[in-house]
Amino acid sequence: MKALNSIYRTVNSICSRQGERATALVRCGLCGSATSNSKQFQPDFGLLFDIDGVLVRGKTPIPAAKRAFQRLVDSSGQFVVPVVFVTNAGNCLRQKKADQLAHILGVPISQDQVMMSHSPLRMFRKYHDKCVLVSGQGPVLDIAKNLGFMNVVTIDMLRESFPLLDMVDHNRRPRLPSSPIVNLPKVEDMMNENALTFPVYKVDALVQFFRTEVLIGQESKQFTKNDITPLPKPDVMQRLYMRVLQLVFRIRPESLYLVPLSENIQHPQLFEGVAPIMNLFLRMRQFLPMCHVYDFSLGDLLAPKLKQTIVVLSGIMNFLHFRNQRLDETLAHQQSFRENLDRQEACKQGIKVAEKRIKELTTIPPEQQAEAKELDKALAELQEGTEQAYQKVNSLKAEVADGKNENIEQTQKLSQLKVDVNDLKEAISKLKSEIVESPEDLKNTMMKMKDNIRNIKDKKEAKDEQLVENQIVLQAVNDKKVEIQFLNKLLQDLQSSLTKAQQLHEEINTLVRSDEQLEKELKAVGAEEGQLKRALSMKQDKDSKQHIRRQKRKEAKDHQMRSIMGEYDRVHLKREEVVEKLSGLTNEMQQFKAKIQSMRDTCDQETRKAQAMYDHLRGSLDQFHKRLENAIAESRTEMQKMKINF
């Protein structure tokens, strides 16, 4: 009610001021005051009205609101100033709400003058062609179609398609699943304004972060938790947002206080107080979508609320964390690039040293070339001698193996002969025991024994001869063994020399392989160097282009600054002229006020005189009435006496 009364007084005062400046007078439809007919009144402001509790209570209008709206329309029923109605209700169409307000307030209202809670969804044009899930009260399908959404799925449609999802309402819970809707389209997006893509931090964490990462000096010391809770302080929040813009975009806070200069702007001095707030608001509206905050309004600067402020600061804190992380990764990549460059230089130096070393190892000095040739010839002769020696040793090994086999056979035969001798001795002992006294038998046995002994002696002599032969062969074998040992020593010496030669050959092969590997690495490093050079040249070209762009921007900014300063000087002169005019007008206003005061004084004197005359006449009339009443009373008494006498 107080707000409507203040608006009513403001409208009346504006209309009265327009009427005082008029030359040719007509009646104004706003307040009934006089306005100029030569120049039509064009207001430079508009009015925003809340509905529930401000203009109406339920369906009953507030009386002061109805009277105020009668003043806001002219004789033709049109608003004399722009008027918009805002409400957080969303259970009906805008046209229906406009018709209700027009019927209640008695003024014509169109749907374009009504802003409801779902009206901003018109801006989400990228979702209008997609299939969206809509929930709410009222005719949600008609509201969504009116907002521009072409493919809509409501909660009721979703429940009919999937009845088992609705398990809260026991009255509507189906006992058996009904047939689902086959043609229900796939929901591509769901509008939910409360969904955040970043964590909401606590107030203590926010204060600690902004004190350490954003603010510096006394501002960091003075920023406390009390600046945010229970109600955020507007000046502190504005200063904090300025510091955030300075940290991210290098926008100095002083630049936000520059007034936009233009010859078409009337009274630019009126913008000085509004310029920093509006500049800060525009910058924050450009910056906060990077932080995934899309509902920042001017009220968050002028009268911030705790919950919205915490969400905005959390989004900024999350963005700054991401920015610092990316900066660290960029610095790490730059550091690794520098280390790779240093490693490349070290590899180049190592390759040069290896090339020198390989050249030294592969080239033979002129004074040692003859010796090297002699060594090559000696090495070839040695290899041929070793091959012949290997052949001789192999033949000797074969002969030794054959002699060993023969020796084994002779030893086996000798052992067999020893067994036979033992058998004969046993037979002789048996024969001696079986000797009979008969001389003939004895003679026969003796003859047999002599024959046996003769045979044994012959065998023994043969065996002795064979044993001597075997001993001779064994001696030859021992001699061959000694020769073989000597040849083995020679072979070991040759083998050691061959191993040394093989080691030298392997070292030469390893050096050749290392040379090839180093050449491959050199080629790879050369290719990498070429890539790095190309990247470096591209980066240098890009840096030079950016430098040229920065130089051009700087020159453009300097030129713009000079033009702004010149414009500022011109505007300053105009301001001085305007100030002089305003001072003249203030003097005239003071004189006019003095005249009005003198006229009021004279009016007060005349009213006092008139009051005195009125009081005098009133007293005389009272006295006359009293005398008249006395005369009437006396005449009545006389009439009564006369009646009595008659």
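Residues numbered from 1 in each chain as written. Predicted model: local features only at pLDDT ≥ 70, side-chain atom pairs only at ≥ 80, totals over all residues. Heavy atoms only, no water.

Engineer: What am I meant to see in the side chain of T309 here?
Structural biologist: Structurally, the position occupied by T309 is in helix α11 (residues 306–362). Judged by its relative accessible area of 3%, T309 is buried. Of note is the side chain of T309, whose polar atom sits 2.5 Å from the backbone oxygen of K305. (Helix = DSSP H or I, 4+ residues; strand = E, 2+ residues; numbered from the N terminus. Buried < 20%, exposed > 50% of the residue type's maximum accessible area, 1.4 Å probe, protein only. Polar contact = N/O pair within 3.5 Å; in protein donor to acceptor, adjacent residues only side chain to side chain.)

Engineer: Can you walk me through helix α9 (residues 275–287) in this structure?
Structural biologist: Two residues of an α-helix separated by three or four positions point the same way, owing to the 3.6 residues in each turn. The end-to-end C-alpha distance of α9, which contains 13 residues, comes to 18 Å, matching closely the 18 Å that a straight helix rising 1.5 Å per residue would cover. Of all the residues in α9, the buried ones are A275, P276, I277, L280, F281, M284 and F287. Tucked inside the fold, the buried residues of α9 contact α8 (234–249), α10 (299–302) and α11. (Expected span 1.5 Å × (residues − 1). Contact = heavy atoms within 4.5 Å.)

Engineer: Looking at this structure, how should I read empty space enclosed by the protein?
Structural biologist: Using a probe with the size of a water molecule, rolled over the atoms, empty space left in the structure can be pinpointed. Across all of its chains, the model carries 1 cavity of 30 Å³ or more by this definition. Lining the largest cavity are L215, E219, F223, V236, R239 and L240. A total of 3 residues in the lining of the largest cavity trace back to one element, the largest contributor, which is α8. (1 Å grid on protein atoms, 1.4 Å probe; cavity = no way out; pocket = protein on both sides within 12 Å on 5 of 7 lines; lining within 4 Å. Points joined across faces, edges and corners; volume = space filled by probe spheres on them.)

Engineer: In this structure, what is going on with the pairing of strand β8 (residues 131–134)? I would like to understand it.
Structural biologist: A regular strand places its side chains so that they alternate between the two faces of the sheet. Side-chain alternation along β8 places C131 and L133 on one buried face and V132 and V134 on a second face that is also buried. Note: β8 against strand β9 (residues 151–154), 4 bridges, orientation parallel. Residue pairing for β9: V132 is matched across the bridge by V152. Crossover β8 to β9 through helix α4 (residues 140–147) is right-handed. (Pairing = 2+ DSSP bridges. Right-handed = clockwise from strand over helix to strand, strands pointing away.)

Engineer: In this structure, what is going on with unusual backbone geometry? I would like to understand it.
Structural biologist: Phi is mostly negative for residues that are not glycine, and the peptide bonds are mostly trans. Across the junction of T229 and P230, the peptide omega takes the value -5°, indicating a cis bond. Position of P230 among the secondary structure elements: in the loop between α7 (217–222) and α8. At R250, a position not held by glycine, the phi torsion is positive, near 60°. Secondary-structure assignment places R250 in the loop between α8 and α9.

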